[in-house]
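The primary structure of each chain is shown beneath.
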Amino acid sequence: MSSASLTSPAGRLRALRPDWLEDPKVWRTEILAGLVVALALIPEAISFSIIAGVDPAIGLFASFTMAVTIAIVGGRRAMISAATGAVALVIAPLNREHGLGYLVAAVILAGVFQVLLGALGVARLMRFIPRSVMVGFVNSLAVLIFMAQVPELRNVPWAVYPLVAAGLALMVFFPKVTTVVPAPLVSIVILTVVTLAAGIAVPTVGDKGALPSSLPVPGLPDVPFTLDTLTTIAPYAFAMALVGLMESLMTAKLVDEITDTHSNKTRESIGQGIANVVTGFFGGMGGCAMIGQTMINVKVSGARTRLSTFLAGAFLMVLCIVFGPVVSDIPMGALVAVMVMVSFATFDWHSVAPKTLKRMPAGETTVMLITVAAVVATHNLAVGVVTGSITAMVIFAKRVARLADVTVVTDPDGTTVVYRVTGELFFASSNDLVGRFDYATDPDKVVIDLSGAHIWDASSVATLDAVQTKYAQRGKTVEITGLNAPSADLHGKLTGELAAGH
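Worth saying up front: this structure is predicted, and the values here are computed from it rather than measured.

**Quick notes on the packing of helix H20 (residues 458-472) against helix H21 (residues 485-494)**
Right, so step 1: For the pair H20 and H21, interaxial distance at closest approach is 10 Å and the crossing angle is 65°. Considering the angle they form, H20 stands roughly perpendicular to H21. The element H20 and its partner H21 pack so that their crossing is right-handed. In this structure, H20 uses Ala 458, Val 461, Leu 464 and Asp 465 to contact H21, whose residues at the interface are Leu 490, His 491 and Leu 494.
Right, so step 2: Of the residues contributing to the contact of H20 with H21, the split by class is five nonpolar, one polar and one charged.

**Here we look at unusual backbone geometry**
Right, so step 1: A positive phi angle, near 50°, is found at Asn 155, a position not held by glycine.
Right, so step 2: Following the sequence through the fold, Asn 155 ends up in the loop between helix H8 (131-149) and helix H9 (160-177).

**Describing the nonpolar core**
Right, so step 1: Core analysis: the largest hydrophobic core is formed by 102 residues, its most contacted members being Ile 42, Leu 60, Phe 137, Met 285, Ile 296 and Leu 316.
Right, so step 2: Apart from the residues lying within four places of it in its own chain, the contact partners of Ile 296 are Val 36, Val 37, Ala 40, Ser 301, Val 338, Met 339 and Val 342.
Right, so step 3: Among the nonpolar cores identified, the runner-up in size contains 20 residues, and Ala 453, Ile 455, Val 467 and Val 478 belong to it.

**Quick word on the environment of Leu 60**
Right, so step 1: Looking at the element boundaries, Leu 60 is found in helix H5 (residues 56-73).
Right, so step 2: Sequence-wise, Leu 60 and Phe 310 are 250 residues apart; in three dimensions their C-alpha atoms are separated by 15 Å.
Right, so step 3: Ignoring any residue separated from it by four or fewer positions in sequence, one finds Leu 60 in contact with Ile 42, Ala 45, Ile 46, Ser 49, Leu 211, Pro 212, Leu 316, Met 317 and Cys 320.

**Thoughts on the sheet that holds strand S5 (residues 445-455)**
Right, so step 1: Reading across the sheet, the four strands line up as S3-S4-S5-S6 and stay open at both edges, with mixed pairing between neighbours. The strands lining the two open edges of the sheet, one partner per strand, are strand S3 (405-410) and strand S6 (477-481). Shown here is a sheet whose adjacent strand axes are inclined to one another by a mean of 20°, direction ignored.
Right, so step 2: Bridge count between S3 and strand S4 (residues 416-425): six bridges; the pairing is antiparallel. Opposite Val 406, over in S4, you have Val 421 as the bridge partner.
Right, so step 3: The strands touched by H20 are S4, S5 and S6; relative to S5, the strand with the most contacts, the crossing angle is about 175°.

**A closer look at the pattern of salt bridges**
Right, so step 1: Scanning all chains against the criterion turns up six salt bridges.
Right, so step 2: When the shortest N-O distance is used, the salt bridge between Lys 208 and Glu 152 registers 2.5 Å. Of the two residues, Lys 208 is situated in the loop between helix H10 (183-198) and helix H11 (227-259) and Glu 152 in the loop between H8 and H9; the sequence distance between them amounts to 56 residues.
Right, so step 3: The exposure class of Lys 208 is partly exposed, given its relative accessible area of 22%.
Right, so step 4: Connected through salt bridges with shared partners, the residues Arg 76, Asp 256 and Lys 265 form a single ionic network.

**Let's talk about the pairing of S5**
Right, so step 1: Where burial is concerned, most of S5 is hidden: eight out of the 11 residues are buried.
Right, so step 2: With nine bridges joining them, S4 and S5 adopt parallel strand pairing. Bridge pairing links Arg 420 to Asp 449 in S5.
Right, so step 3: Pairing between S5 and S6: five bridges, direction parallel. In the sheet register, Lys 445 faces S6, and the bridge partner there is Thr 477.
Right, so step 4: In this region the chain leaves S5, passes through H20 and returns to the parallel neighbour S6; the handedness of that crossover is right-handed.

The rules we used
Residues numbered from 1 in each chain as written. Predicted model: local features only at pLDDT ≥ 70, side-chain atom pairs only at ≥ 80, totals over all residues. Heavy atoms only, no water. Axes fitted to C-alpha atoms, helices over the stretch in contact; angles between N-to-C directions. Helix = DSSP H or I, 4+ residues; strand = E, 2+ residues; numbered from the N terminus. Parallel < 35°, antiparallel > 145°, perpendicular 65-115°, else oblique. Left-handed = near helix turned anticlockwise from the far one by under 90°. Contact = heavy atoms within 4.5 Å. Nonpolar A, V, L, I, M, F, W, Y, C, P; charged D, E, K, R; others polar. Core = buried A, V, L, I, M, F, W, Y, C linked by side-chain atoms within 4.5 Å. Buried < 20%, exposed > 50% of the residue type's maximum accessible area, 1.4 Å probe, protein only. Pairing = 2+ DSSP bridges. Salt bridge = Lys/Arg side-chain N within 4 Å of Asp/Glu carboxyl O. Right-handed = clockwise from strand over helix to strand, strands pointing away.

Rendered as structure tokens:
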């Protein structure tokens, strides 16, 4: 397109048109992906409603409003947000103790917290998440997705097992024939037709709970608008905000890597907040990004635009309201097969390959395993990410602490000794520095050369002050040389001000 055409009103309008309008192939991919995700959302939303202790319609309404809203205001294209187990676990106690009105109010307040945290730049903290934690996050998600399917395979009719096996086979081999239609959609349709035609009695989506028959209606939460209500819901709302942002930003980062594209994490943080506020006013249970459905959308179905996210929510309500009886007859085995395939596709198998484990530093592998263990044990992604990140910081601190070194050079005339310090000086590495000097036998003049070192914190300045004090008590002078500009600035501000009593 020429620059002249871009300056015309028609040219600017064309430039603003979304990609999927320009390419029928993209348009078809996005629509089919949205349909597959909508089908997969139904049993998940119902299950999470049960966890939260609310009617299944509450979870389905939340999935609808979250997906539609985040498609417009979110910062990561093609990522799916809906009702999630992590959020359900956080707010379930509030619902049990105070009722649905307080739960809905907490969802709205959590959305407000997320908007504020997003505006304050919480998304920038993502840069401090190590790669080993990210790998652990991905692998733990895959494990959780698989574990969530296990109950659907217990105490069920024998016919469920061949159905699941047939679904897996279809998803493995159908793409070799054509990729025009997503294999998960083909698998769901074929298995549903087979079970209905053959009259096979197996658990279905309808067994999970009744589907809604109308759209949600906006309204205010049924709670007294008092300070007491605020203090009751605030802790749950803040916990939900943190868990939701953690899971959403980690999922967004994963989608960035899969699609090799960049997303606006600050916009995503604020968008999650707006989506939860909207969801609360429509009586939903709130939510955040869903890794399983996002993987179906992005990795399995190949979606890349906001259209698939929007249609996932729109199709969800259409399927429930218009095609409820048909959707209720979908065998759970078909959806279990889809989620098992998603689990295997999500897991980073390269990270556990013997060749990788042999080459990878032990600390990196330890962090990954601890992250996985924490998530699987608690079923809380935020706990796993925080635990893994803290472990990584401890390992890093120990590793860096060993990098600080001291070498001694004494002048030939014996009147001066030079201690050359190299490495990074911070609270961990500077702890042992005091014991590296020979206060009793050193000559009267001591030089500490820091040209090969960098001072990072007050602990290091305090250590240097302690060294100078020990020499001064013996009538010896200490000269500190070689400080780079940032180190000299920090040392100049703090030296002499850190002793006890200040």
